Amino acid sequence: MEKQITFTIDGKTIKASPKDTILTAAEKNGIVIPNLCYNKEVSCTAACRLCIVKIEGRPGFHPSCAMKAADGMKVKAFTDEIEKQRRIILDLLLSAHNDDCINCKKDGDCELQDLAFKYNLGRDSRDFPPIWEQLEETSDSTSQVLDYDATKCIQCQRCIKACQEKQGKGILTFANRGIKTTVTTGYPQWNASLCDGCGECQQACPVGALTMKPVYSPNNRVRQKDIEKTTTTTCPYCGVGCQIDVSTINNRIVKVDGHNDIPNHGSTCVKGRFGLDFVNHPERLTKPLIRKDGKFEEAEWNEALKYTADRLVKIKTEYGSNSVCGLSSARCTNEDNYLFQKFMRSIVGTNNVDHCARL
Amino acid sequence: MMIKSLQELSEYTEELSDSRSNTGDINVLVSLGTCGIAAGAEEVHKAIRKTINENNLGHRFNVIETGCMGLCFCEPSIELEDTKNGKSIIFGNVKPENSEKILNTDFQSEPKEIDIIEKGWYYPDEAENTDNYLQAKIALRNTGRINPEKIDDYISHSGYKALGRVIQDMKPEDVIDEITKSGLRGRGGGGFPTGKKWTFAAAQSTEEKFVICNADEGDPGAFMDRAVLEGDPHSVLEAMTIAGYAINATKGFIYIRAEYPLAIERLELAINQSREMGFLGKNIFNSNFSFDIELRFGAGAFVCGEETALINSIQGLRGMPSNKPPYPAVEGLWQKPTIVNNVETFANISTIIRKGHEWFRKIGTEDSPGTKVFALAGKIQNVGLIEVPMGTTLKNIIYDIGNGIADNKKFKAVQTGGPSGGCITPDYLNTPIDYDSLKKLGSMMGSGGMIVMDEDDCMVDIARFFLDFTVDESCGKCVPCRIGGKQMCGLLEKITKGKGTEKDLRILKSLSETIKNASLCGLGMTAPNPVISTMKYFAHEYEEHVYDKKCRAGKCQELITYSVIPDKCVGCTACKKICPVNCISGKVKEPHFINSDKCIKCGECYRVCKFNAISKS
């Protein structure tokens, strides 16, 4: 068994693995140290400085997301002094953030909003004047599926790192420096870049800077809190079998997120996230069709299966096995595809089998 | 020619000195650094050469084109040095037509019409003989004395002797031990013990390690690294190779800002010369040790002087700092152990090896041995580059070397440590300067910028000026520096405009503490220093701006009113004519009047009045 380490946070004894940072160890023990740039899926950034703590014997403040927990460490995480710094940092963040929460897609699902509420930082309680309007940052909504609102961006780098480290794409980066720093694809417009729209970035965004376009409900803006039901299911697109969270209102899909489990660990591709609109499409086939007198007619499953079996047997008997060929779909699972080729080879008796999984 | 042993090196050095004996006894050193060239040193150099040729004086004089001598206040400058008796004399503000007079100097009487430089700018041949001198040169020992483009000049000044000794006679741990015992501290700003840094890197068992020279000098007004690189590039190459041997690295990088084209040119030349003679490359001094150096160019970001940002930049990433730990000595360039030292630190190394740690410790103070190079700038008579033993007082520097405040104004403060440092007031002029004493005063050594301010400087405005710089140079990664700096600038601007409140002062104070405490890298942590130190030592100026809406230095435009003193005004109409907004009225030979509602406070009337009849309050 892995050796455990013991240390204290504000006097409370914490047991953790030697791999844990102070932040993750605290989290596992029910202590939530405020943070914004931390994302356990990607490498540590240590940029928001909200998770700073004090460690006995070491001068200064240290970001708990970047500091490994060590045996015997004495950590202070919630003293008045530290909380005062956090409040100032939050106040600063809010001064450079467009806080038009009423009209924000992330209202109610925003980590900055939650922290501002927790620290009682309403507009009247803040020390710093809003400066976000003077910054002339460049927003970009040219992507077909994503919107980047620079006035809401807090420069936490979660999107940049999700794109680079989780998707391996490296589309996003920072442009400019200092207070003018914004997220960019490096091209004048988002849609000129190589971004394929997987949406990993917006899933990582803690605020309303990077959001999905309302692909599923173009005429109806939806916030997280409007969602009635979220169902975890398997993505129907390819054999990987990504787990996805499908959110619905009134039994219609409004949003799809990657579900954090094997095999995809929260990620999903552009098709999985934005391509499920066929589910509610009026032209979607919901029953098998059989061509009768040159016209497709809806049929019941039993009838369709029987028709197919009869025809296959007839063709095989009359013209031989090699007169039949089978084409399967990449949208079936690996198991289904295995069974299909087995069926073609051993039942129909031909090697004429292929499928479309050449993505 | 390749040098393969210490023996061969000393033979070669002797050969060089033999060939020297054919030339003249008097060295004519012409300062040809970037600034010297800009001031016209090349024309002076040509004139000197011409005079020597025309008068057949080649047997008396030996002209040496050197790097910067540090005499910014009187460029172009020339030093005559009699090698027989060691006497020397420095001329400033030299014009081409002065060359004959200079060459006729007999070292006894001083020629008229040409400026002779004050005593404070001379220094002894050996840094430890400080009795009659204020300056002592270790890092700048060859800068301004040798031709940086000739490796032979460096070799005949004991160059590469330290490297030879290290490789032939010392184990890597002995080298680190020597540096540790010398007490050398990083000259780039932090003052971290160099030996300790090397020890950490040496202790790592990784196969690949790196040595980086940080030549991304960015503090406004600091140019000591440029002077070394332009004037003595081989000293840095030799020291980096010694460092490579000490920590077992085979590769070094010099990260130099692209704005230093002459330094880059001379470094490239020096690297090639060094490779040709076998001081860089494979099997140096016939040993198993191989080391080579490449240049990497910075693209003008101040933050890339921070070591982790510098490393990211070399790797081709955005120049943003990373959280420490891990420190570069453990996990640096491409995640391999790396030491990052600045130019001046490296420039000290070979002398320490050659003369020993005991010799080095004789100079400077107990906790900060050695010397420090400072760039004197601001409202001081003699602006320039100096090297003084640690522990020299600010008074010595400002009054004895710098010759006091320009235009007979009153000294107000001196900012050390560049935009990250703090202000020191007249009360502390007798403080011996070293790393710890400056820190105690709320400032820092930094890279050695020293900006002198006089009574015309408004301290709130100065704080805003430095903060403007750091806000502009913030990389944008962490919140306190990115947004905090900007907000702090806003508050200072509000105060200089006379719109500040008591609450603003309170917020300013707590904000500067937060930026200092919570920022990610050194840039952010030290950015509020100018504000913290001016608020501490010049609290009254802040209060005057806030409560009385007054700026005693007359610097903050919104707080000044210009008016005519009727008794002094003779009605010459000069002010009326120059006023761009026509807010001055009055008849000829009668006192004029300024309509302060219309006045835009450009100060033109104040400037043109010959009768001191305009008051600024």
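About the criteria used
As a convention, each chain's residues are numbered from 1 in the sequence order in which they are written. Written order determines the labels here, with chains lettered from A and ligands numbered from 1. Thresholds applied to this predicted model are a pLDDT of at least 70 for local features of residues and 80 or more for the giving and counting of side-chain atom pairs; totals over whole chains, interfaces and linings are not thresholded and use all residues. Side-chain measures here rest on the full set of heavy atoms in the structure, leaving out hydrogens and waters. We count a stretch as a helix when DSSP gives it H or I for four or more residues in a row; a strand needs E for two or more, and each element gets its number in order from the N terminus. Each radius of gyration reported is based on C-alpha atoms, and the globular scaling rule is 2.2 Å times the count of residues to the power 0.38. Burial classes follow relative accessibility: with a 1.4 Å probe on protein chains only, a residue under 20% of its type's maximum area counts as buried, one over 50% as exposed, and anything between as partly exposed. Contacts are residue-level and defined by heavy atoms, with any inter-residue pair within 4.5 Å sufficient. With residues, only the protein chains shown are counted as cover, and all accessible areas are computed by Shrake-Rupley using a 1.4 Å probe. Boundaries of every domain are those given by an automatic assignment or by a domain database. For two strands to pair, DSSP has to find at least two bridges joining them. The angle between two axes is taken between their N-to-C directions and runs from 0 to 180 degrees, where each axis is a line fitted to C-alpha atoms and a helix contributes only its stretch in contact. Candidate patch residues must exceed 30% relative accessible area and have no salt bridge, after which like charges are joined if within 9 Å and Val, Leu, Ile, Met, Phe, Trp or Tyr side chains if within 5 Å. A pairing counts as a salt bridge when a side-chain nitrogen of Lys or Arg comes within 4 Å of a carboxyl oxygen of Asp or Glu. Positive charges come from Lys and Arg, negative ones from Asp and Glu, while His and the chain ends are left out of the count. Here the site of a charge means NZ on Lys, CZ on Arg, CG on Asp, or CD on Glu. Any pair of Phe, Tyr and Trp rings, taking the six-membered ring for Trp, is counted once the centres come within 6.5 Å. Such a pair is stacked with planes under 30 degrees apart, edge-to-face with planes over 60 apart, and tilted for the rest. Two conditions define a charge located above a ring, namely a distance within 6 Å from the ring centre to NZ of Lys or CZ of Arg, and an angle within 35 degrees of the ring normal. In protein, a polar contact requires one atom able to donate a hydrogen and another able to accept it; more generally it is a pair of N or O atoms within 3.5 Å, and residues adjacent in sequence count only if both atoms are side-chain atoms. Here's the idea: put two parts together, see how much 1.4 Å probe accessible area each one loses, and the total over both is what we call buried area. For classification purposes, an angle smaller than 35 degrees is called roughly parallel, one larger than 145 roughly antiparallel, one from 65 to 115 roughly perpendicular, and anything else oblique. Each residue is assigned to one of three groups, with Ala, Val, Leu, Ile, Met, Phe, Trp, Tyr, Cys and Pro labelled nonpolar, Asp, Glu, Lys and Arg labelled charged, and all others, Gly among them, labelled polar. Residues enter a nonpolar core if they are buried and are Ala, Val, Leu, Ile, Met, Phe, Trp, Tyr or Cys, with the set joined through side-chain atoms within 4.5 Å.

(A) Summary view of the overall build of chain A. Helix and strand counts for chain A come out as eight helices and 16 strands. Here the C-alpha radius of gyration of chain A, 27 Å, is well above what a compact globule of 359 residues would show, namely 21 Å. Projected onto the principal axes, the alpha-carbon positions of chain A cover approximately 90 × 55 × 35 Å. The 359 residues of chain A split such that 45% are buried. For chain A, contacts bridging at least 24 residues in sequence account for 57% of all contacts bridging at least 6. With the model as given, the accessible surface of chain A reaches about 19,600 Å², and the carbon-plus-sulfur share is 51%.

(B) Looking closely at the domain arrangement of chain A. Examined at the domain level, chain A breaks down into domain 1 (5–78), domain 2 (104–213), domain 3 (225–284) and domain 4 (289–356). Computed over C-alpha atoms, the centres of domain 1 of chain A and domain 3 of chain A are 35 Å apart.

(C) Seen up close, the sheet that holds strand E2 (residues 12–16) of chain A. All names here are of chain A. Read from one edge of the open sheet, five strands run E2-E1-E5-E3-E4, paired in mixed fashion. Of all the strands in the sheet, just E2 and strand E4 (61–63) have a single pairing partner and so form its edges. Neighbour to neighbour, the strand axes of the sheet diverge by 40 degrees on average, direction disregarded. Alignment of strand E3 (residues 52–55) against E4, held across three bridges, turns out to be antiparallel. Within E4, the position partnered with Lys 54 by the bridge is Phe 61. Taken strand by strand, helix H2 (residues 80–95) contacts E3, E4 and strand E5 (74–76), and its axis lies near 155 degrees from that of E3.

(D) Highlighting a negative patch on the surface. All names here are of chain B. Taken together, the side chains of Glu 11, Glu 14, Glu 15 and Asp 18 make up a negatively charged region of the molecular surface. Relative to the assigned elements, Glu 11 resides in helix H1 (residues 6–20). Owing to a relative accessible area of 41%, Glu 11 belongs among the partly exposed residues under this scheme.

(E) Representation of the packing of aromatic side chains within the structure. In total, this model carries 16 aromatic pairs over all chains according to the counting rule given. A ring pair is formed by B:Phe210 and B:Phe253, whose centres lie 6.1 Å apart and whose planes are at 45 degrees; its orientation type is tilted. Linking B:Phe210 in strand E6 (residues 210–215) with B:Phe253 in strand E7 (residues 251–257), this pair joins segments that are 43 residues apart in sequence. Accessibility classification places B:Phe210 together with B:Phe253 in one group, the buried group. A relative accessible area of 3% places B:Phe253 in the buried class. Here the aromatic residues B:Tyr154, B:Tyr160, B:Phe279 and B:Phe285 are joined through ring pairs into a cluster of three or more. Its guanidinium or amino end placed over the ring of A:Phe61, A:Lys54 lies 4.8 Å from that ring's centre, counting from NZ or CZ. Over the ring of B:Tyr606 we find B:Lys616, and its NZ or CZ is 5.1 Å from the ring centre.

(F) Looking closely at the side chain of B:Lys477. Mapped onto the secondary structure, B:Lys477 falls in the loop between helix H17 (459–473) and helix H18 (479–496). One buried charged side chain, B:Lys477, makes no salt bridge at all; its nearest oppositely charged neighbour is B:Glu306, positioned 9.1 Å away. At a separation of 3.5 Å, a polar atom in the side chain of B:Lys477 contacts the main-chain carbonyl oxygen of A:Thr45. Of the polar contacts made by the side chain of B:Lys477, one reaches the backbone oxygen of B:Pro321; its length is 2.9 Å.

(G) How the structure looks around the environment of B:Phe593. Residues and elements named next belong to chain B. As for its placement among the helices and strands, Phe 593 is situated in strand E17 (residues 593–594). Judged by relative accessible area, which is 53%, Phe 593 ranks as exposed. Measuring from C-alpha to C-alpha, the distance between Phe 593 and Leu 267 comes to 61 Å, with 326 residues separating the pair along the chain. Residues contacting Phe 593, with those up to four places away along its chain left out, are Val 564, Cys 583, Ile 584 and Ser 585.

(H) Main features of the interface of chain B and chain A. Opposite the 31 residues of chain B that make contact, chain A presents 32 residues. A combined buried area of about 2,600 Å² lies between chain B and chain A, and 59% of that area is made up of carbon and sulfur atoms. Broken down residue by residue, the surface that chain B buries against chain A is led by B:Arg318, B:Arg482 and B:Gln487, which jointly contribute 21%. Where chain B meets chain A, there are two salt bridges. Between A:Asp127 and B:Lys503 there is a salt bridge, with the nearest N and O atoms lying 3.7 Å from each other. Our enumeration of links across chain B and chain A arrives at 16 residue pairs in polar contact (both at pLDDT 80 or more). Counting residues per element, the ones that place at least two in the side of chain B that touches chain A are H17, H18 and helix H19 (502–518) of chain B. Element by element, the count of residues in the side of chain B that touches chain A is highest for H19(B), at eight residues.

(I) Quick look at the packing of helix H9 (residues 224–231) of chain B against helix H13 (residues 343–355) of chain B. Residue and element names in this part refer to chain B. Interhelical geometry of H9 versus H13 gives an angle of 50 degrees and a closest axis separation of 9 Å. Taken together, the axes of H9 and H13 are oblique relative to one another. From H9, Met 224, Asp 225, Val 228 and Leu 229 reach across to H13, where they touch Val 343, Glu 344 and Ala 347. When its residues are assigned to classes, the contact of H9 with H13 shows five nonpolar, no polar and two charged.

(J) Structural context of the nonpolar core. If you look at the biggest cluster of nonpolar residues, it comprises 115 residues, and the most contacted ones within it are A:Phe7, A:Ile22, A:Leu172 and B:Tyr542. Residue contributions to this core peak at eight residues, all from H18(B). Among all residues touching A:Ile22, those that are not within four sequence positions of it are A:Phe7, A:Ile9, A:Ile33, A:Val53, A:Ile55, A:Ser64, A:Met67, A:Lys68, A:Ala69, A:Met73 and A:Val75. Membership of the second largest hydrophobic core comes to 77 residues, among which are B:Ala227, B:Val228, B:Met277 and B:Ile353.

(K) Fine view of the pairing of strand E11 (residues 384–389) of chain B. Residues and elements named next belong to chain B. Burial within E11 is extensive, with six of its six residues counted as buried. Alternating residues of E11 divide into Gly 384, Ile 386 and Val 388 and Leu 385, Glu 387 and Pro 389, and every residue in both groups is buried. Strand direction decides the pairing type here: strand E10 (residues 371–378) and E11, joined by six bridges, are antiparallel. Bridge assignment links Leu 376 to a residue of E11, and that residue is Gly 384. Between E10 and E11, which pair antiparallel and follow one another directly, the connecting turn spans five residues.

(L) Summary view of the side chain of A:Asp20. Residue and element names in this part refer to chain A. Its location among the elements puts Asp 20 in the loop between E2 and helix H1 (22–28). Relative accessible area serves as the criterion here: at 5%, Asp 20 is assigned to the buried category. Here Lys 28 takes part through its side chain, which lies 2.8 Å from a polar atom of the side chain of Asp 20. Residues within four places of Asp 20 in sequence aside, it is in contact with Ala 25, Lys 28, Lys 68 and Ala 69.

(M) Structural view of the sheet that holds E6(B). Residues and elements named next belong to chain B. Strand order in the open sheet formed by four strands is E8-E7-E6-E9, and the pairing between neighbours is parallel. If you trace the sheet from one side to the other, it starts and ends with strand E8 (292–298) and strand E9 (338–342), each paired once. Averaged over all pairs of adjacent strands, the angle between their axes in this sheet comes to 20 degrees, without regard to strand direction. Taken together, the seven bridges between E7 and E8 define a ladder with parallel strand orientation. The partner of Gly 252 across the bridge, within E8, is Ile 293.

(N) View of the environment of B:Asp434. Residues and elements named next belong to chain B. Topologically, Asp 434 is positioned in the loop between strand E13 (422–424) and helix H16 (435–440). Note on Asp 434: relative accessible area 11%, which makes it buried. In this structure the C-alpha to C-alpha distance between Asp 434 and Ala 38, which are 396 residues apart in sequence, comes to 33 Å. Asp 434 has contacts with Thr 365, Ser 368, Met 390 and Met 445, leaving out every residue within four places of it along the chain.

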